[in-house]
Amino acid sequence: MQSEYQRKLRERYLDAPVVPAPEPWRLAPCGTIPVGGLLGIGFALRPGSGQDLVMVVSGDGHGLFDAVTGEKIARDRDPDPETSTPDDSPDLTCPGLGPVAGTPVHIAGLFGGGLHSTTSDGWTVRVVSPDWPCHRVVLAAGDGLHRGLVGTTWWHVLHARYSEFRAAGFSPSGRTLAIATSSDLTLWTRPRAYADR
């Protein structure tokens with residue numbers, strides 16, 4: 001049986017429309033990237049520039065994307081079966097590819113694991129399921145997750161109602177927010193100056 005508080009919280013999330021993320025967050029120019037059979041995602045840093053990269057593990061292999069533009073940087077359609085999914089690794093990693101070849105990348109998704117749920121400057125991301133098995137991803141500023149109105153201190157940025165939720169979280173740098181479902185990857189980024197405060 002739900003308490004009155006739980007009932008109101010559930011209604012709050014059910015009633016919240018999907019809204020754009022606030023400044024300084026911006027949707028990557030590519031929008032949502034279709035990735036059929038997506039199993040999990042992880043973050044890596046581009047050597048030299050330190051720019052965020054997103055690695056995707058799917059039933060069709062591995063892909064590496066630029067987190068700011070969404071551009072595909074590298075693709076391996078036939079990874080080694082021993083390391084093609086993170087479940088064979090005790091620390092849920094897959095070998096990197098392209099500019100991060102030889103570097104293990106932690107993968108969060110179908111096999112477990114997780115991404116950062118907060119940034120050093122106070123942003124928070126949470127996954128809620130008031131209408132399970134559908135998942136909603138909520139971005140909040142400071143402690144605004146359970147306060148204020150949608151679009152003021154918290155933002156319902158994605159509703160995974162057609163595909164299975166896989167993972168949501170920030171890059172270690174705090175400059176990228178990634179949300180993965182079984183069919184796609186959605187990226188938001190913000191300028192380095194905001195994350196480095």
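A few points on the structure. (Residues numbered from 1 in each chain as written. Predicted model: local features only at pLDDT ≥ 70, side-chain atom pairs only at ≥ 80, totals over all residues. Heavy atoms only, no water.)

Thoughts on the environment of Ile 33
Here is step 1: Here Ile 33 is to be found in strand S1 (residues 26-34).
Here is step 2: Classification of Ile 33 by relative accessible area gives buried; the value is 8%.
Here is step 3: With 33 residues separating them in the primary sequence, Ile 33 and Asp 66 have C-alpha atoms 12 Å apart.
Here is step 4: With residues near it in sequence (within four places) discarded, Ile 33 still touches Phe 65, Gly 70, Ser 183, Asp 184, Leu 185 and Leu 187. (Helix = DSSP H or I, 4+ residues; strand = E, 2+ residues; numbered from the N terminus. Buried < 20%, exposed > 50% of the residue type's maximum accessible area, 1.4 Å probe, protein only. Contact = heavy atoms within 4.5 Å.)

Some details on the layout of surface pockets
Here is step 1: Taken as a whole, the largest pocket encloses approximately 250 Å³ of empty space.
Here is step 2: Together, 19 residues line the largest pocket, and Gly 42, Phe 43, Val 105, His 106 and Pro 172 are the ones closest to its centre.
Here is step 3: Residue assignment for the lining of the largest pocket shows that the elements contributing at least two residues are strand S2 (38-45) and strand S7 (104-106).
Here is step 4: Counting residues per element, the lining of the largest pocket draws most heavily on S2, which supplies four residues.
Here is step 5: Here the second largest pocket is characterised by a volume of approximately 160 Å³.
Here is step 6: Around the second largest pocket, the lining residues are Val 18, Thr 32, Val 157, Leu 158, His 159, Ala 160, Arg 161, Tyr 162, Ser 163, Thr 181, Asp 184 and Thr 186.
Here is step 7: Listing elements by their share of the lining of the second largest pocket, those giving two or more residues are strand S11 (154-160) and strand S14 (184-189).
Here is step 8: Here the lining of the second largest pocket gets four residues from one element, more than from any other, and that element is S11.
Here is step 9: Of the residues belonging to the lining of the second largest pocket, the class tally is five nonpolar, five polar and two charged. (1 Å grid on protein atoms, 1.4 Å probe; cavity = no way out; pocket = protein on both sides within 12 Å on 5 of 7 lines; lining within 4 Å. Points joined across faces, edges and corners; volume = space filled by probe spheres on them. Nonpolar A, V, L, I, M, F, W, Y, C, P; charged D, E, K, R; others polar.)

Take it as geometry only, folks, not as evidence of what the structure does.
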